[in-house]
Amino acid sequence: MISEIRAAFEYTLGGLTWMDEKTKRAAKEKADAIYDMIGFPDFILDTKELDEVYDGFEVSEDSFFQNMLNFYNFSSKLMAEQLRKPPNREQWSMTPQTVNAYYLPNKNEIVFPAGILQAPFYAPTHPKALNFGGIGVVMGHELTHAFDDQGREYDEDGNLRPWWQNSSLEAFKNRTECMVSQYNAYTVNGEKVNGRQTLGENIADNGGLKAAYHAYKSWLQKHGEEKRLPAVGLTNHQLFFVGFAQVWCSVRTPESSHEGLVTDPHSPAKFRVIGTLSNSRDFTEHFNCPKGTLMNPGKYCDVW
């Protein structure tokens, strides 16, 4: 799936009219160089290597507080040992059971722990439409982070250096301003979403959805149409978008929502769905959304 989504992203990249050819070639090289890690690090299945990694980490059977102190001391020591050394691409920044994923710009890598490789994001028995709409969009999201407002500043090797031509950089900034304005207009309990604070994640959400949907269409071209789920009354294309929306179903207290608006780089879950889908021409087409409505405002903020 990662290969298919990477190919879909690069296909879209090749057709961009606002990016010059030199920057396009550099962007493709960066996309090709993104290193992916899935599930868990290999060393945890090797008892000897596992013991070596955690050598010096003492665990107490009856003191949680002491265990936390030991853990923080052990982690600090590990970080100190890495100073002045090249970044280790094989080192994970999340535990395998974490239901999350991430992109690291200084290593140009995307990581998907085992915890997120389950329903509703992914299941081997799910229709491909649901899997591409779930974990597929997550994969596209993390890949797009390599080209968001911050990730774009790093090259294919993870070095912080300028590699964009000025004309493409200006065009990129103009397009992201559209997205800033779009998300600034959303409110939660009377409080505005900060479109600037959430820009990187919004770019990744929008780019990830587009890459995953194009990858799903490519899969259909190779393998043919899937059987439709009975009783739900949805086409498989519609199911893709419902699968994407479903993973963000959530409930928050007003206090938690306020904290998120102030501190979280992600938009509230509701607007991660509404904002992204209302920018998708494919969504509006498959759900026949009338122009000028909430889900088809007629103006699309499009970066990747």
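Since this is a predicted model, take the numbers as computed values, not measurements.

**Q** Which residues make up the overall build of the chain, and what are the values?
**A** A tally of regular secondary structure across the chain gives 11 helices and five strands. Computed over the C-alpha atoms, the radius of gyration of the chain is 21 Å, within 12% of the 19 Å expected from 2.2 N^0.38 for a compact globule of 304 residues. Overall, the C-alpha framework of the chain stretches about 65 × 50 × 45 Å when taken along its three principal axes. Counted over contacts in the chain with a minimum sequence separation of 6, partners at least 24 positions apart contribute 63%. Surface summary for the chain: the accessible area is close to 16600 Å², and the carbon and sulfur share equals 53%. Between the centroid of the 30 positive side chains of the chain and the centroid of its 39 negative side chains there is a distance of 9 Å.

**Q** Break down the pattern of salt bridges for me, with residues and values.
**A** Within this structure, the stated rule accounts for nine salt bridges. For Asp 32, the salt bridge is made with Lys 28, and the minimal N-O distance between the two is 2.9 Å. Here Asp 32 and its partner Lys 28 are both found in helix α2 (residues 21–33), four residues apart, which amounts to about one turn of the helix. Taken together, the shared-partner salt bridges connect Glu 10, Lys 28 and Asp 32 into one network.

**Q** Break down the packing of helix α5 (residues 128–144) against helix α8 (residues 236–246) for me, with residues and values.
**A** Between α5 and α8, the least distance of the axes is 7 Å, while the angle of their chain directions is 35 degrees. As α5 packs across α8, the resulting crossing turns out to be right-handed. Residues Ala 129, Leu 130, Phe 132, Gly 133 and Val 137 of α5 form the contact with α8, whose own contacting residues are Asn 236, Leu 239, Phe 240, Gly 243 and Phe 244. Partitioning the contact of α5 with α8 into residue classes produces seven nonpolar, three polar and no charged.

**Q** Tell me what's going on with a nonpolar patch on the surface, and back it up with residues and numbers.
**A** A surface patch of nonpolar side chains, amounting to about 280 Å² of accessible area, comprises Phe 40, Ile 44 and Leu 45. Relative to the elements of secondary structure, Phe 40 occurs in the loop between β1 (35–39) and α3 (47–53). A residue is classified by how much of its surface remains accessible, and Phe 40, at 34% relative accessible area, is partly exposed.

**Q** Tell me what's going on with the side chain of Asn 67, and back it up with residues and numbers.
**A** Summarising the element assignment, Asn 67 is placed in helix α4 (residues 64–81). For Asn 67, the side chain forms a polar contact with the main-chain nitrogen of Ser 60, separated by 2.6 Å. Setting aside anything within four residues of it in sequence, one finds Asn 67 in contact with Phe 57, Glu 58, Val 59 and Ser 60.

**Q** Before we move on, can you summarise the sheet that holds β1 with the specific residues and values?
**A** Read from one edge to the other, the open sheet built from three strands follows the order β1-β3-β2, with strand pairing classed as mixed. Looking along the sheet, the strands with just one partner apiece sit at the ends: β1 and β2 (102–104). When the angles between neighbouring strand axes are averaged without regard to direction, this sheet yields 15 degrees. Relative to strand β3 (residues 109–113), β2 runs antiparallel, the two sharing three bridges.

**Q** Account for unusual backbone geometry, naming residues and giving values.
**A** Most peptide bonds take the trans configuration, and most residues that are not glycine carry a negative phi. Residue Pro 120 follows Ala 119 across a cis peptide bond; omega there is 5 degrees. Relative to the assigned elements, Pro 120 resides in the loop between β3 and α5. Phi at Arg 84 is positive, roughly 65 degrees, even though this residue is not glycine. As for its position among the elements, Arg 84 is in the loop between α4 and β2. Within the chain, Asn 189 stands out as a residue other than glycine whose phi angle is a positive 50 degrees. With respect to the secondary-structure elements, Asn 189 resides in the loop between β4 (187–188) and β5 (191–192).

**Q** Residues and numbers for the environment of Glu 177, please.
**A** Positionally, Glu 177 belongs in helix α6 (residues 166–184). Separated by 19 residues in sequence, Glu 177 and Arg 196 place their C-alpha atoms 8.6 Å apart. One polar contact links Glu 177 to Arg 196, side chain to side chain, over a distance of 2.7 Å.

Definitions and limits used
Residues numbered from 1 in each chain as written. Predicted model: local features only at pLDDT ≥ 70, side-chain atom pairs only at ≥ 80, totals over all residues. Heavy atoms only, no water. Helix = DSSP H or I, 4+ residues; strand = E, 2+ residues; numbered from the N terminus. Rg over C-alpha atoms; globule rule 2.2 N^0.38 Å. Contact = heavy atoms within 4.5 Å. Areas by Shrake-Rupley, 256 points an atom, 1.4 Å probe, with all protein chains shown as cover. Lys, Arg positive; Asp, Glu negative; His and termini not counted. Charge placed at Lys NZ, Arg CZ, Asp CG, Glu CD. Salt bridge = Lys/Arg side-chain N within 4 Å of Asp/Glu carboxyl O. Axes fitted to C-alpha atoms, helices over the stretch in contact; angles between N-to-C directions. Left-handed = near helix turned anticlockwise from the far one by under 90°. Nonpolar A, V, L, I, M, F, W, Y, C, P; charged D, E, K, R; others polar. Patch = residues over 30% accessible without salt bridge, like charges linked within 9 Å, V, L, I, M, F, W, Y side chains within 5 Å. Buried < 20%, exposed > 50% of the residue type's maximum accessible area, 1.4 Å probe, protein only. Polar contact = N/O pair within 3.5 Å; in protein donor to acceptor, adjacent residues only side chain to side chain. Pairing = 2+ DSSP bridges.

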